[in-house]
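Listed below are the residues making up each chain.
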Amino acid sequence: MKRLVILISGRGSNMEAIVKAAQAEGWPAQVAAVISNRPDAAGLQFAARHGIATAVVDHKAFASREDFDAELARVIDGFAPDLVVLAGFMRILTPGFTARYARRMLNIHPSLLPAFTGLHTHERAISMGCKIAGVTVHFVTAELDHGAIVIQAAVPVLPGDDAKALSSRVLAAEHRIYPQSVRWFVEGALVWNGEVVSHRDGAAQHLFLS
Ligand code: GRF
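Residues numbered from 1 in each chain as written. Predicted model: local features only at pLDDT ≥ 70, side-chain atom pairs only at ≥ 80, totals over all residues. Heavy atoms only, no water.

Per the domain assignment, the segments making up the chain are domain 1 (1–101) and domain 2 (107–210). Once you take the C-alpha centre of each, domain 1 and domain 2 turn out to be 20 Å apart. With 21 residues of domain 1 in contact, the opposing surface of domain 2 contributes 16 residues. Where domain 1 abuts domain 2, roughly 1,600 Å² becomes buried across the two surfaces, and 72% of that area is made up of carbon and sulfur atoms. Contact with domain 2 buries area across many residues of domain 1, yet Asn-14, Trp-27 and Leu-86 alone supply 30% of it, more than any other trio. The interface formed by domain 1 and domain 2 holds 1 salt bridge in total. Of the charged contacts, one joins Arg-183 and Glu-25 as a salt bridge, the two residues approaching to 2.8 Å between their closest N and O atoms. (Domains from an automatic or database assignment. Contact = heavy atoms within 4.5 Å. Buried area = accessible area lost by both parts, 1.4 Å probe. Salt bridge = Lys/Arg side-chain N within 4 Å of Asp/Glu carboxyl O.)

Shown next as structure tokens:
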């Protein structure tokens, strides 16, 4: 059984999607813990209701990013994870932290990377007049929202869309590709070629939703 630790900062709908898929599909994996940097993250309640260990490492209690990341790593490592899953975890991580979990930490970012790294992706896509938007699951490196791509999903930007409408269309795609990506990791289906990740059996690493 592979062990997963999921990091959240808020709602936790991607974490929920992963927990539900792992149970429903009988993955060779268990969610060992859900950790939040915010004590009031709604997702903590879902995790607790499902019998998953929860922990809070409040970033406000630390003087520096290094101190916060050191404590976060200590708490994560207490659960001995094979994979760390960032699911709406809204902290910038230090290079030491990302190196510690190199090739065993995933993130989901609501854009078609390398476009629109950082915040407010949907507002920026709409204001640029993009006709296609989407979401990317990638391995985490020291550079924000970079790293080997596991799956991308594309959705249309429709006339009249505001950020809320676009984000809910993208979120539906997130809930499909994040569980799929984590499942591939725990099944050992992801292969590295240099800095590029592909699926062992050539499964499609893209999804188009209309
Ligand atoms: C998602 O849109 C994710 O892509 C982004 O933050 C949001 C988190 O949502 N990084 P949730 O907490 O998983 O519901």
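This paragraph deals with helix H1 (residues 13–25). Here H1 spans 18 Å end to end across 13 residues, near enough to the 18 Å set by a 1.5 Å rise per residue. Among the residues making up H1, those that are buried are Ser-13, Asn-14, Met-15, Ala-17, Ile-18, Val-19, Ala-21 and Ala-22. Elements in contact with the buried residues of H1: strand S1 (2–8), strand S2 (29–36), helix H2 (43–49), strand S4 (83–86), strand S5 (105–109) and helix H6 (163–186). Count one or two residues on from H1 and you reach Gly-26, which has phi positive near 60 degrees. (Helix = DSSP H or I, 4+ residues; strand = E, 2+ residues; numbered from the N terminus. Expected span 1.5 Å × (residues − 1). Buried < 20%, exposed > 50% of the residue type's maximum accessible area, 1.4 Å probe, protein only.)

So, about the pairing of strand S7 (residues 149–156). Summarising burial for S7: 6 of the 8 residues are buried, a large majority. The sheet contact formed by strand S6 (residues 132–139) and S7 spans 7 bridges and is antiparallel. Paired with His-138 across the bridge in S7 is Ile-149. Summarising the sheet, S7 and strand S10 (residues 206–208) pair through 3 bridges and their orientation is parallel. Opposite Gln-152, over in S10, you have His-206 as the bridge partner. (Pairing = 2+ DSSP bridges.)

Orientation of H1 relative to H6, taken along the N-to-C sense of each, is 50 degrees, at an axis distance of 9 Å. The orientation of H1 relative to H6 falls into the category oblique. Relative to H6, H1 is oriented so that their crossing is right-handed. In contact with Ser-13, Asn-14, Ala-17, Ile-18, Ala-21 and Glu-25 of H1, H6 contributes Leu-171, Glu-174, His-175, Tyr-178, Pro-179, Val-182 and Arg-183. Within the contact of H1 with H6, the residues separate by chemical class into 7 nonpolar, 3 polar and 3 charged. (Axes fitted to C-alpha atoms, helices over the stretch in contact; angles between N-to-C directions. Parallel < 35°, antiparallel > 145°, perpendicular 65-115°, else oblique. Left-handed = near helix turned anticlockwise from the far one by under 90°. Nonpolar A, V, L, I, M, F, W, Y, C, P; charged D, E, K, R; others polar.)

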